[in-house]
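Inside the fold
Residues per chain are reported as follows:
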Amino acid sequence: MSATRYAYLGPEGTFTEVALRTLPEAATRELVPMVSVPAALDAVRNGQAAAALVPIENSVEGGITATLDELTTGAPLMIYREVLLSITFALLVRPGTKLSDIKTVTAHPAAQPQVRNWMAAHLPNAVWESAASNADGARLVQEGRYDAAFAGEFAAATYGLEPLVTEIHDAENAQTRFVLVGRPARPSAPTGADKTSVVIWLGDDHPGALLELLQEFAVRGVNLMLIQSRPTGEGIGNYCFAVDAEGHIADRRVGEALMGLKRICPNVRFLGSYPRAGVTPDEVGALRTGTSDTDFTDASDWLARSQDGRV
Ligand SMILES: O=C(O)C(=O)Cc1ccccc1
């Protein structure tokens, strides 16, 4: 039964729901809206859902910390897919509301940096209140709790609201990245355009600790696509690092980099290897010399021969 259910950050009408519906398999799943990212991920952990789609990063503000922190702590989960969605907001109001009537606005906290300039120009005196999601903000406007919500224009009909202004985005091409998260299992096979996510805890505090971490990737020609520090909660100055690296854990250079990290760091959590959204294998940059699987195999064959004296 749970195999047919996909949870997502709800309620109905979130960008997350739109992103989820772009996955072909969503058509054959029961899509279950959840009140928060932790609730969506817990539904996966306790078996109520086979997977959950949650926002993890946006191109304006960076990582969505609630998601990174949930994946970093608690029972392990893994990422199996990513979805990129272009985001533009509409200002949704109850029918009849004019711009000059708006005293309070709401949306998900990650929306704020994407509409800040617009608000400063058009609603300089409005008070911002955070909502659990953009669609939840729309629901709160419907209930009369706030005057307006920044949300997807598509959410207006669901909540009996009207889009007073559309196409609001401070940055052109703002995108949000969502990940499909499930319980740990073998990742899908490499596609040639893959990404690997890990969380890395640094050991004892010493000069160059972060550089040592980065070197494990650099010397093997592994490109990094995200590095986000997060406090571990164990006092000021204690950080772990969420890292997205180009490639698949089955690629020798990525596997060797992760082994290198495992040797020098007290904890490394593998969060998955999965196909990159919107990139085909022929668009992936050329490998650095000496970092292909064949190069690694040739080098370990050479080492074995040398150890045997077959020089
Ligand atoms: O999916 C939503 O609607 C959310 O609330 C998360 C979010 C927040 C900001 C931009 C895109 C998605």
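Computed from a predicted structure; not experimentally measured.

What counts, and where the lines are drawn
In this numbering scheme, every chain counts its residues from 1 along its sequence in written order. Totals for whole chains, interfaces and linings use every residue, but because this is a predicted model, local features are given only for residues with pLDDT of at least 70 and side-chain atom pairs only at 80 or more, for both listing and counting. The basis for every side-chain value is the complete set of non-hydrogen atoms in the structure, without hydrogens or water. Secondary structure elements follow DSSP: runs of H or I no shorter than four residues count as helices, runs of E no shorter than two count as strands, and numbering proceeds from the N terminus. Burial here depends on accessible area, computed with a 1.4 Å probe over protein chains only, as a share of the maximum for the residue type. Under 20% is buried, over 50% is exposed, and the range in between is partly exposed. The contact rule is simple, with two residues in contact once any of their heavy atoms fall within 4.5 Å. Paired strands, in this sense, are two strands between which DSSP finds at least two bridges. Interaxial angles span 0 to 180 degrees and are taken between N-to-C directions of axes, which are lines fitted to C-alpha atoms, for helices over the stretch in contact. UniProt positions are given in the numbering used here, feature names are shortened, and annotations may be inferred rather than shown by experiment. Salt bridge, as used here: a side-chain nitrogen of Lys or Arg that lies within 4 Å of a carboxyl oxygen of Asp or Glu.

1. What about the environment of A135?
You can see A135 is positioned in helix α5 (residues 134-142). With relative accessibility at 0%, the residue A135 sits in the buried group. Taking the C-alpha atoms as reference, A135 lies 39 Å from L210; in sequence the two are 75 residues apart. Beyond its immediate chain neighbours, meaning those up to four positions away, A135 contacts P11, E12, G13, T14 and Y159.

2. Examining the sheet that holds strand β8 (residues 127-130)
The strand order across the open sheet formed by five strands is β8-β7-β9-β6-β10, and the pairing between neighbours is mixed. Both outer strands of the open sheet, β8 and β10 (162-168), are each paired with one neighbouring strand and no more. For this sheet, the mean angle separating the axes of adjacent strands, direction not counted, is 25°. Relative to strand β9 (residues 148-151), strand β6 (residues 89-93) runs antiparallel, the two being bridged by four bridges. From the neighbouring strand, L92 faces β9, where its bridge partner is A149. In this fold α5 packs onto β6, β7 (104-107) and β9, with an angle of close to 160° to the strand it touches most, β9.

3. Considerations on the side chain of D244
Within the secondary structure, D244 sits in strand β14 (residues 239-246). Among residues more than four places away in sequence, those in contact with D244 are E57, R177, K195, T196, S197, N223, L224, M225, L226 and Y274.

4. Describing the UniProt feature "domain: Prephenate dehydratase" (unreviewed entry) in the chain
The feature "domain: Prephenate dehydratase" (unreviewed entry), as given by UniProt, occupies residues 5-183 in the numbering adopted here. Measuring from the first to the last C-alpha atom of residues 5-183 gives 13 Å, for a span that is 27% helix and 34% strand.

5. Regarding the pattern of salt bridges
All chains considered together, the criterion is met by 20 salt bridges. Residue E57 is joined to R177 by a salt bridge in which the shortest nitrogen-to-oxygen separation is 2.6 Å. Linking E57 in strand β3 (residues 51-58) with R177 in strand β11 (residues 175-182), this pair joins segments that are 120 residues apart in sequence. With a relative accessible area of 5%, R177 lands in the buried category. Here R94 ties to D147 by a salt bridge, and the two come within 3.8 Å at their closest N and O atoms. In this pair, R94 sits in the loop between β6 and β7 while D147 sits in the loop between α5 and β9, placing the two residues 53 residues apart along the sequence. On the basis of relative accessible area, D147 is assigned to the buried category, the value being 17%.

6. Structural notes on unusual backbone geometry
In this structure, P11 follows G10 across a cis peptide bond, with omega equal to -5°. Considering the arrangement of structural elements, one finds P11 in the loop between β1 (5-9) and α1 (15-21). One non-glycine residue, E167, adopts positive backbone phi at about 60°. By secondary structure assignment, the location of E167 is in strand β10.

7. Quick look at the side chain of T14
As for its position among the elements, T14 is in the loop between β1 and α1. Once residues lying within four places of it in the same chain are set aside, the contact partners of T14 are Y8, L9, S133, A135 and F154.

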